[in-house]
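Structural overview for review
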Amino acid sequence: MDFRPSEAQQLLVAAARDFLARHCPIDAPPGGPAAPKDLWTEMALLGWPGLLVPGDLGGSDGTLLDVMLLVEEMGRFDLESPYIASAVAATSMLLASAVPARRRAVVPEMALGRRTAALALLEESGELTPQAISTRGEPGGRLQGRKLCVRDADIAHDLIVTARGESGVSVFHVQRARAGITCEAMPSIDGNRLFAVTFDGVDVAPADMLGDAGAGWDVLRPALALGALARCAEMIGAAARILDLAVEHAKTRVQSGRPIGSFQAIQHACADLLRGVESARPLALSAAWRVERGQPSDAEVAMAKSYTGDACLSVARKAHQIFGAIGYCEEHPLHRFHKRILAARLEYGDAVHHAETIARAIGLV
Amino acid sequence: MDFGFSVAEEAFAEKVRAFLRRHPPASFPRDGMDAGYGSGAASRAFMRALGAEGWLSMTWPRRFGGEERPMMEKLVLLEELALAGAPFGPLSGADQTAEAIIRVGTPYLQSELLPRIARGDATFWQGFSEPGAGSDLLSLTTEARRDGDYYVINGHKIWSSHAGIADFGLVLARTSREARRSHGLTMFVVANQTSGMEIRPIRSLTGEVYHYEVFLDDVRVPRDVLLGPEGEGFAALLGGLDTDRFWGRFYKAPALKRLLLRLVQHANTVTRDGQPLARDAAVRRGLAGLAAEIEALRAMFYRVGWLIQNGERAGHESALAKVMADELGQKLTAFAMDALGAFGPLAEASQWAPLGGEMAHAYLTSLGHTIAGGTSEILRTTVATRGLGLPTQR
């Protein structure tokens, strides 16, 4: 075992921290200093969107563990971007399952940051299962239905859409500008990045399909695992930043003539924040390591996602108590990290979703 | 980064599993109860069986009879033993003591005790706490007075695990009064038969004996039994306590996993409301959540182990891992008592006890874990001050 990132990974982290510190200051106004689109171009210059893409398709041949380390830094700086959905989940699906012409046309564009994709998966039940899909769609036919909670749909060039046809659930890759697609904001407490996307007789060609007709869930499952792990890394980064801020506050905030960090009640709360971060990180990284090596990892990913979500959310919630009244203000950064964790926890499978995977893995009938 | 076992480590794990198949844990006599840390019951016979395999000394330097195997293999061994519920209770104490003897022991301790430890023939108790010195260990009053080539120890130790069935005590005593309370303390390795020692059992809330108190009345020991230099016992101990917290709880994750899997078996076989208990949403989700927490605990301990293997002290990391281990143990056993329902509190002696009464027993012993080896409160303070740099209270 070796918990130390390689030298190249350490460089990646250092460069990311440097870039993000300049572009995502902690005292930025709500919503961040730049719209996701603006910073995306800069991020593309660093090669981040192409991290999982092979060199012959314009990427940098990186690994999932590279992505985990990079995304942890993004979480640490509360970066608002379509990175996980587009550069991780969607890119991996296009690489694995798009027809060669589509792959060659789209993946290099995505690697260069000129094109992003959003995931249009959830419907009215909010469940991430094949049974929950009622949107209709056949290759060579039309998409008809509505997807909900599609993150960053407004800025995405393409949409990855699940739809049910004669042979079961298939996955389609369609341009958002295609006739019949409309987006409507779904206001949320975590930054208004969610949209309802309606597909009204949208033409889809066989070349739009990712994988075989009816095999949609096989196409989707590995990408959801990557997305879940990247969300873990993001939550860990956000929680780690909350920890840093809380400890700093505990050292400098003076009450009754002493830094509040000298009171045991605060000390013990800070210790619990550290526990959340330090226990989630090795679990998530080791799950990613298994995925990267192609080992069976459904249970490990489910455990990582469900544990990390709970641990990091409790870091955020406990931190509010350490910060006191100032943490309740919009101008204070705490709520942004908290909301990021809250959102990340629910995407790529919420706790209930992953609990069922774990339950089966430990042998419950 | 690499989060897997090497081929050699995998092969060793298989070797341990084969050993456990040849030596089923249940076939060994138990000399003392399980602390519930996951370290299994005390069994001298099982320790000797481990010794016969060479596993008690495998990481030692060759000049002390070891094989200089990497520390990771010790973790592999402990994990397999805990998963199997083997009675390896004295292992951690013996291992830690051997490590200290190799590092700072006298030639006498090295030549007399190391071979016995390697055979599984020497087990140890800790004589640290006193009636008036619990969390405030430095207020201990046991004294050792120099008398030529001997020391004469007087005092009263308490909460010493397995002291009555072990062979030697590690007794921390004051050898001089210094301005700093952490100075002037010395560690002695005292044989149980030494005259002047009285070892009395303390019956615990489980109804069984795990702890003892030890009265030392003019106990005379040669200077050969000093563990480390005179007056520097606390420095040696503190380094020891850091790793003691790691080694004392490393096997908790696999031990809890074993308990969890027993609960799964139970939930699959009993019915509630006409369906398997396993289908009850609260039980199902609860067990899944606990399984994830156990995996997180395991990953955290392996990381701390990796730090220690790389020469880091890992003091606050070990403390944090211990807090998590013991609180998770309490959470799991409390959940289990709920899940087991009306028969949950039945003990081993009852034919109706679910899971042979093991869960009820674990529920009770788990209460002591957040106290023993540093209370969770003391340890959180350690994490906050040593790990996060928060100001100390004074």
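Residues numbered from 1 in each chain as written. Chains lettered and ligands numbered in written order. Predicted model: local features only at pLDDT ≥ 70, side-chain atom pairs only at ≥ 80, totals over all residues.

Quick look at the overall build of chain B
We count it as follows: A run of DSSP states H or I qualifies as a helix once it reaches four residues; a run of E qualifies as a strand once it reaches two. Both are numbered from the N-terminal end. For this measure, only C-alpha atoms enter the radius of gyration; the expected value for a globule follows 2.2 Å times N^0.38, where N is the number of residues. Buried, partly exposed and exposed are defined by the number of other C-beta atoms within 10 Å of a residue's own C-beta, namely 20 or more, between the two limits, and 12 or fewer respectively, with C-beta atoms placed from the backbone. A pair of residues counts as a contact when their C-beta atoms, built from backbone coordinates, are within 7 Å of each other.
Scanning chain B from terminus to terminus reveals eleven helices and nine strands. Taking 394 residues into account, the globule formula puts the C-alpha radius of gyration at 21 Å, and chain B, at 21 Å, falls close to it. Across its three principal directions, the C-alpha atoms of chain B cover 75 × 45 × 45 Å. In chain B, buried positions account for 52% of the 394 residues. In chain B, the proportion of contacts linking residues at least 24 apart, taken out of those at least 6 apart, comes to 69%.

Thoughts on the domain arrangement of chain B
How big an interface is tends to be reported as the loss of accessible area on association of its parts. So the rule is basically this: As used throughout, domain bounds are those supplied by an automatic or database domain assignment.
For chain B, the domain assignment lists domain 1 (7–122), domain 2 (126–231) and domain 3 (249–387). Domain 2 of chain B and domain 3 of chain B are separated by 32 Å when their C-alpha centres are compared.

Quick notes on the confidence of the model for chain B
Quick note on the threshold: A residue's pLDDT is the predictor's confidence in that residue, given on a scale from 0 to 100.
Taken as a whole, chain B shows an average pLDDT of 95; of its residues, 99% reach a score of 70 or greater. Two summary scores accompany this predicted model of the complex, namely pTM at 0.96 and ipTM at 0.96.

Some words on the domain arrangement of chain A
Rule in force here: Side-chain classes are defined by residue name, with Ala, Val, Leu, Ile, Met, Phe, Trp, Tyr, Cys and Pro counting as nonpolar, Asp, Glu, Lys and Arg as charged, and the others, Gly among them, as polar.
When its domains are assigned, chain A resolves into domain 1 (7–111), domain 2 (117–214) and domain 3 (218–361). Grouping the constituent residues of the side of domain 2 of chain A that touches domain 3 of chain A by class yields four nonpolar, three polar and one charged.

Brief notes about the interface of chain B and chain A
Each partner contributes residues to the interface: chain B has 39 residues there, and chain A has 37 residues. Secondary-structure elements contributing two or more residues to the side of chain B that touches chain A are α7 (252–269), α8 (281–309), α9 (315–340) and α11 (376–387) of chain B. Broken down by element, the side of chain B that touches chain A gets its largest block of residues, 16 residues, from α8(B).

Structural notes on the sheet that holds strand β5 (residues 181–185) of chain A
All names here are of chain A. In plain terms, the rule: Pairs of strands are assigned from DSSP output, requiring at least two bridges between the strands. To define axes, lines are fitted to C-alpha atoms, for helices over the stretch in contact only, and angles between the resulting N-to-C directions are given on a 0 to 180 degree scale.
With respect to topology, three strands assemble into an open sheet ordered β2-β6-β5, the strand pairing being antiparallel. Looking at which strands have only one partner, the edges of the open sheet turn out to be β2 (142–151) and β5. The average undirected angle you get between the axes of adjacent strands in this sheet is 15°. Where β2 meets strand β6 (residues 194–203), eight bridges bridge the pair, whose relative direction is antiparallel. Bridged to glycine 145 within β6 is phenylalanine 199.

Thoughts on unusual backbone geometry
Residue and element names in this part refer to chain A. Of note in the backbone geometry, aspartate 152 takes a positive phi value of approximately 60° without being a glycine. Checked against the element boundaries, aspartate 152 lands in the loop between β2 and β3 (158–165). Residue classification places aspartate 152 among the buried residues on the basis of 22 C-beta atoms within 10 Å. Although it is not a glycine, asparagine 192 adopts a positive phi angle of roughly 55°.

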